[in-house]
Structures are given as C-alpha cells and as structure tokens.
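Single-letter residue listing:
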Amino acid sequence: MNIHEYQGKQLFAKYNVPVPNGILVDKPADAAKAARKLGTKVTVVKAQIHAGGRGLGGGVKLAKSPEEAEKYAKQIIGMTLVTHQTGPEGRLVKKVLVEEGMDIVRELYLSILVDRQTSQIIIMASEAGGMEIEEVAAKNPEKIFSEQVDPVIGVQPFLARKIAFALNLKGEALKKAIPFIMNLYDCFVKEDLAQLEINPLIETGDGRLLALDAKVGLDPNALYRHKDNAAFRDLDEEDPLEVEATDHHLNYVKLDGNIGCMVNGAGLAMATMDIIKHSGGEPANFLDVGGGADEEMIENAFRILMSDKNVKAVFINIFGGILRCDILSRGVVAAAKKLKCKLPIVVRMEGTNMEEGHRLLEESGLGFIIGNGIKDAARKAVKSIQ
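Residues numbered from 1 in each chain as written. Predicted model: local features only at pLDDT ≥ 70, side-chain atom pairs only at ≥ 80, totals over all residues. Heavy atoms only, no water.

Draft legend 1. View of the overall build of the chain. Within the chain one finds 13 helices and 18 strands. With the principal axes as the frame, the chain shows a C-alpha extent of 80 × 50 × 40 Å. Relative to all contacts within the chain whose residues are 6 or more apart in sequence, the contacts with residues 24 or more apart total 69%. About 18,700 Å² of surface is accessible on the chain, with carbon and sulfur atoms providing 51% of the total. A gap of 3 Å separates the mean positions of the 48 positive and 53 negative side-chain charges of the chain. (Helix = DSSP H or I, 4+ residues; strand = E, 2+ residues; numbered from the N terminus. Contact = heavy atoms within 4.5 Å. Areas by Shrake-Rupley, 256 points an atom, 1.4 Å probe, with all protein chains shown as cover. Lys, Arg positive; Asp, Glu negative; His and termini not counted. Charge placed at Lys NZ, Arg CZ, Asp CG, Glu CD.)

In structure tokens form, the structure reads like this:
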C-alpha cells in the first residue's frame, strides 16, 4: 500500500530520521499562512499524489514569498498532474505540502527493500541523487552501492559507516549518517514496510542530512499490526475498480489490454495472462476470485470485469477444487443475464462438477464459448475480437 510523501515523513520523524519542517494544506490561502509559519526565505510547494516525477510535471514549485506560495498552491491544487508514473490520465491533486527551503550542498539516494532472491533486506545507496535510479542503473551502474542486511543482527554501526563511506560523506555529515541509516532501518522493520526510498537524501551547508523526499510502501499483509498506518490509505489515489474488488474480497489489478481474465489462484492468473500474450492478445486485468468463492463473489467479479470499458472479450479460466465448476457457472450465468452482456465469453474449466458446469453454460442460451484446454481457450478468446 503506497502512502503520500508527508505520511512517509511522519513515519521517519517517529524514528528520529530528520526531515524538513512542512505543513499540509488543501486551500491556496492556507499555503501563505504555512509559509509564514515556517519562517524561511524560501518554501517549496509540493503536490501530494502517489507518483514520482512530480517536479518535471509541474507539481513542485519554489516560492520566495508567502504570496508566491499561495499562487503556486492555487496552480497545483485541482490540477491533473501527469508524470511518467501516472500514465497519460494523470492524477488529480487535492493537497500540497508546503515545506521549508533547504541549503542543499549535495543530493544523494538511499533506499531499503526486501531482496526476494535471498530473503534478506537490501540497502541501496548512490551519490547520483535527484535522478531516476533506473536511469543511473542503466547508464552508470558503478554509481550504485548495495549492501545486504542480515535480519538477525540488523544494521550495526559498522555497516552504517560502510554505507556512509560509499556515499562519500565526510565530517559532520558522516557522523550524522550513522544514526540516520540505523534509525531508517528500524523504521523499515518495525513498521513492516515493503519499500522505502529517499530521493534525494540531502546534505546541507551546515552538515545535516535530511530526507527531502519520502516514497514509502506498506506491506498490506501486516497492516493488522499497525492500525494507525492503515488510516494512511487514500482511496482517491487508487483505481476505483481495485477498491471495489477489495471490498468484495477479490484480488484485482487493472492492465492495459482488452481481454478480461477471471481465474481462481494467483499462479493460474499469471499463467492465463502469459498464454493470452503468447496467443497474440493483451490481458485487461489480473482478477483472482480465490479458491473459496461463492456465486455472489463470482457475480461481483464478473461485474467488475465488465466495468472496464476496454474489455472486448472475457476469458474465464477455472480449476474446480474448493470452487466447484457448477458454482462458477451459476454465478457467471446470473451475472451475464443481469448485465445483458453482449461480449464473447470464453470459459475453460477443469475439476469438480465440470460436466454440470458445462451443462449450465450450454443451457443458458447465452452463447458461451467452451475452451478445450487453456491453450485452445486462449486462442478462442483472442480470435473472438479479431
């Protein structure tokens, strides 16, 4: 679960990780008040959306007076901000963070994430802060330093010092880097974060280190341990269909294709998307109804699929185990009738009560296309819209 920059900085401050002073506002007039309260010659007005590249998109402005802060807030609040991470549709900005300006000497990069290949936590650092790390990795991979952390012992002073040396920090900045990195790691572990990125991490003229930005993702499976963090969720930043799917205990992710997919099981969902691509089509979504779905869940899943205007055909791929094939068929038939679906629907099912499931589909009079195996079904789904 992604959270806003200002929320990430709240978590950082909780663990004594230095961040600039800032005030969140949702009205332009309040931006001027915030700038006066901060009392610095320069303030920064920053759009709060779940996406990077805000500066290039016009969502970050440097204000030299409270009046200018209000002017920029008026421009940003209510704008649809388009960045390389939002896609062409962009994101509506509803609030901005007014933050004190800093005397920046250097911009660095620091992130912590889980390395799934080794089941350990990895810390990445680079002197090339302020740039997209993917660009640095492609053009100057030697500028990226990474260090694995043994989760049993965590980040000890010697390891934090090693990372600080890799960032070429000296003097006061070097001294401050040790607790900075150790506290940041504590935040990552104790708050059950999935990822944490500071770009840029800045060194100021007086030798301070501060997190000028905060990109933080929470592990949704651990939110039951962090009730306060669950309140960080901003439904306005999520796809409405994905939010609705969550409400019905469905796993749904919207994609860019035109073949809607309904499956039971994440592994089967991935295989289904792969076989659609292999057959020359493009999946419109990832939708896993789970093993214990009932007729109502199937109806809700089908309705969510059909709510995507890009969907031109539906591919239902089910292995009937806990979810019996006849239950699936009843749910799909009911949903198709209720929605008066005119799109081609290809069904491939195997397992418990498969014969009964096929009979229900055939007798529905809705013209379901039956696939003989996953490969045949995928080809029929692609062919149905060509």
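The discussion continues.
Draft legend 2. Representation of the environment of Gln 156. Its location among the elements puts Gln 156 in the loop between strand S9 (144-149) and helix H5 (157-166). Linking Gln 156 and Met 182, residues 26 residues apart in sequence, is a C-alpha distance of 7.1 Å.

Draft legend 3. Expanded view of the nonpolar core. Counting residues in each nonpolar core, the largest one holds 42 residues, and the members touching the most others are Phe 12, Leu 110, Leu 169, Phe 180, Leu 184 and Leu 218. Sorting the residues of this core by element identifies helix H1 (5-14), strand S7 (104-115), strand S8 (120-126), H5, helix H6 (171-190), strand S10 (193-204), strand S11 (209-211) and strand S12 (215-218) as the ones contributing at least two each. The element best represented in this core is H6, accounting for 10 residues. If near-sequence neighbours (up to four positions away) are discounted, Leu 184 is found in contact with Phe 12, Val 17, Leu 110, Ile 112, Leu 196 and Ile 198. In terms of nonpolar packing, the next biggest core, distinct from the first, is built from 34 residues, Val 289, Ile 298, Ile 316 and Cys 325 among them. (Core = buried A, V, L, I, M, F, W, Y, C linked by side-chain atoms within 4.5 Å. Buried < 20%, exposed > 50% of the residue type's maximum accessible area, 1.4 Å probe, protein only.)

Draft legend 4. View of the packing of H5 against H6. Across the interface, H5 lies against H6 with an axial gap of 8 Å and an inter-helix angle of 120 degrees. Regarding the angle of H5 to H6, the classification is oblique. Here the hand of the crossing between H5 and H6 comes out right-handed. Seen from H5, the contacting residues are Pro 157, Ala 160, Arg 161, Ile 163, Ala 164 and Phe 165; seen from H6, they are Leu 174, Ala 177, Ile 178, Ile 181 and Met 182. (Axes fitted to C-alpha atoms, helices over the stretch in contact; angles between N-to-C directions. Parallel < 35°, antiparallel > 145°, perpendicular 65-115°, else oblique. Left-handed = near helix turned anticlockwise from the far one by under 90°.)

Draft legend 5. Examining helix H11 (residues 325-339) more closely. Compared with an ideal rise of 1.5 Å per residue, which puts 15 residues at 21 Å, H11 spans 21 Å between its outermost C-alpha atoms and is within 8% of the ideal. Those residues of H11 hidden inside the fold are in contact with strand S14 (259-263), helix H10 (295-306), strand S16 (313-320), strand S17 (345-351) and helix H12 (354-363). Among the residues trailing H11, Lys 340 stands out with phi positive, at a value near 55 degrees. (Expected span 1.5 Å × (residues − 1).)

Draft legend 6. Quick look at the state of the cysteines. Tallied over the full model, the rule gives 0 disulfides. Looking at Cys 261, it has no disulfide partner, and the nearest cysteine sulfur is the one in Cys 341, 14 Å off. Overall, the relative accessible area of 3% leaves Cys 261 in the buried class. (Disulfide = S-S within 2.5 Å.)

Draft legend 7. Focus on the packing of helix H2 (residues 28-38) against helix H3 (residues 66-76). Where H2 contacts H3, the two axes come as close as 7 Å, and the packing angle between them is 145 degrees. The two elements H2 and H3 meet at a crossing, and its hand is right-handed. Together, Pro 28, Ala 29, Ala 31, Ala 32, Ala 35 and Arg 36 of H2 and Pro 66, Glu 67, Ala 69, Glu 70, Ala 73 and Lys 74 of H3 make up the contact between the two elements. The residue inventory of the contact of H2 with H3, partitioned by class, reads 8 nonpolar, no polar and 4 charged. (Nonpolar A, V, L, I, M, F, W, Y, C, P; charged D, E, K, R; others polar.)

Draft legend 8. Main features of the pattern of salt bridges. Per the stated rule, a full pass over the model turns up 28 salt bridges. A salt bridge links Arg 330 to Glu 356, with the nearest nitrogen and oxygen atoms 4.0 Å apart. A residue pair is termed long-range when its members are at least 10 positions apart, and Arg 330 in helix H11 and Glu 356 in helix H12 qualify at 26 residues. We classify Arg 330 as partly exposed; its relative accessible area is 33%. Lys 380 is paired through a salt bridge with Asp 376; the nearest N and O atoms lie 3.1 Å apart. With Lys 380 and Asp 376 both in helix H13 (residues 374-383) and 4 residues apart, this pair spans about one turn of that helix. The exposure class of Lys 380 is partly exposed, given its relative accessible area of 30%. Each of the salt bridges in this network shares a partner with another, and the network as a whole consists of Glu 5, Lys 9, Lys 46, Arg 54, Glu 99 and Asp 213. (Salt bridge = Lys/Arg side-chain N within 4 Å of Asp/Glu carboxyl O.)

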